[in-house]
Amino acid sequence: MTSAGRFAPSPSGELHVGNLRTAILAWLFARSSGRRFLMRVEDLDRARAGAEAEQLRDLTAIGVDWDGGVVRQTDREHLYTAAIARLTEAGRTYECFCTRREIQEAPSAPHAPLGAYPGTCRNLGTAERAAKRAVRPAAIRLRADVAEATVRDVLHGRYTGVVDDFVLRRNDGVTAYNLAVVVDDAAQGIDQVVRGDDLLPSTPRQAYLASLLDMPVPEYAHVPLVLNADGARLAKRDGAVTLSDLALAGVTADEVRDALLASLGLPPGPLKHAVAAFDPAALPREPWVWPGMPDPQPGTATRPGPEATARRLDS
Ligand code: GLU
């Protein structure tokens, strides 16, 4: 299988300019290193009807293309089930009956890192498990034998983070992201993972799980997020931040693409022209603040025209 990068959006709503910037980066990392580029819709959870089509439309509009068909996680349950079965046979899983509240209120184990599962259900006896099963369905957790792991990241260097007994399958039967992402990346031959740096803290868990499943650990590049004017992570409530909102304000997809490329120090125009100029070592390491849209003037009914907006996006 040839090597590949990917973009893996969760179809919970329209992509905003921060997501689009990450997609452009993932595409550039893959294309500039001769990799294939795959599109995987992570629809196990939080999927909203229609969102996948909107996301793929917007990715196409800014010039992000992909090889082969779109892969959806909801079509791949058999792979996740097989991976959990394999871990279970190796004594690497256990049933957990804790509610979120019980986990929050449990005294944490001595020296346990912040946010780590306290291990409440790790050593339940058969009778205790049976009694708890009668009350609520179990989640499946990994039985980890390390407390942390170190990964290498193209932008962050060596990164060490928590590995705890994280959830593999939730008690409502939904496969957890951390398991699905590892199984899918390996099954799809993805050896380069480029995504927002909010996911860096999950990465040691994923790399550890890959090693338990004898799956290769991909190269990671966690890229800076896009922030709003207050320095918080960009969100839908920050005004016109999706292509459709921006189009209503007269900004074209090409203009958005060019503004995103400019924020990366790359020339405007079709993405393929940026491939030659793309140098991961020269990427900005700081988050980018979305310059936003000018508010309509009081008393005027219309938004500023495309030129005003394009100037604003360039600044
Ligand atoms: N589906 C995840 C998200 O949209 C991304 C997962 C990944 O790239 O590993 O946040």
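Computed from a predicted structure; not experimentally measured.

A separate point is the site of the ligand. By nearness alone, every residue bordering the ligand is listed as Arg6, Ala8, Pro9, Ser10, Glu42, Tyr177, Val181, Arg195 and Leu199. The contact in question runs from a nitrogen atom of the ligand to an N or O atom on the side chain of serine 10, over 2.9 Å. Between the ligand and glutamate 42, the relevant distance is 2.6 Å, taken from a nitrogen atom to a side-chain nitrogen or oxygen of the residue. Protein chains bury 78% of the 300 Å² of accessible surface belonging to the ligand in isolation. Classifying every residue of the shell around the ligand by side-chain character gives five nonpolar, one polar and three charged.

Every regular strand shows the same layout, with side chains that alternate between the two sheet faces. Every second residue of strand 4 (residues 93-96) is oriented toward a common face, with Thr93 and Glu95 on one face and Tyr94 and Cys96 on the other, all of them buried. Strand direction decides the pairing type here: strand 4 and strand 5 (residues 139-142), joined by four bridges, are antiparallel. Pairing of threonine 93 across the sheet is with leucine 142, part of strand 5.

Turning to the nonpolar core, a few remarks are in order. The biggest cluster of nonpolar side chains holds 42 residues, and the ones touching the most others in it are Val17, Ile24, Leu28, Phe37, Leu59, Val64 and Trp290. Counting only elements with at least two residues in this core, the list comes to helix 1 (17-32), strand 2 (36-41), helix 2 (51-61), strand 10 (219-223), helix 8 (243-248), helix 9 (253-263) and helix 10 (271-275). Per element, the largest residue contribution to this core is ten residues, and it comes from helix 1. What isoleucine 24 contacts, discounting residues up to four positions off in sequence, is Ile62, Val64, Arg257, Leu260, Leu261, Leu264 and Leu271. Counting residues in hydrophobic clusters, the runner-up holds 22 residues, among them Ile84, Ala149, Val182 and Leu209.

What counts, and at which threshold
- Residues numbered from 1 in each chain as written.
- Predicted model: local features only at pLDDT ≥ 70, side-chain atom pairs only at ≥ 80, totals over all residues.
- Heavy atoms only, no water.
- Near = heavy atom within 4 Å.
- Polar contact = N/O pair within 3.5 Å; in protein donor to acceptor, adjacent residues only side chain to side chain.
- Areas by Shrake-Rupley, 256 points an atom, 1.4 Å probe, with all protein chains shown as cover.
- Nonpolar A, V, L, I, M, F, W, Y, C, P; charged D, E, K, R; others polar.
- Buried < 20%, exposed > 50% of the residue type's maximum accessible area, 1.4 Å probe, protein only.
- Helix = DSSP H or I, 4+ residues; strand = E, 2+ residues; numbered from the N terminus.
- Pairing = 2+ DSSP bridges.
- Core = buried A, V, L, I, M, F, W, Y, C linked by side-chain atoms within 4.5 Å.
- Contact = heavy atoms within 4.5 Å.

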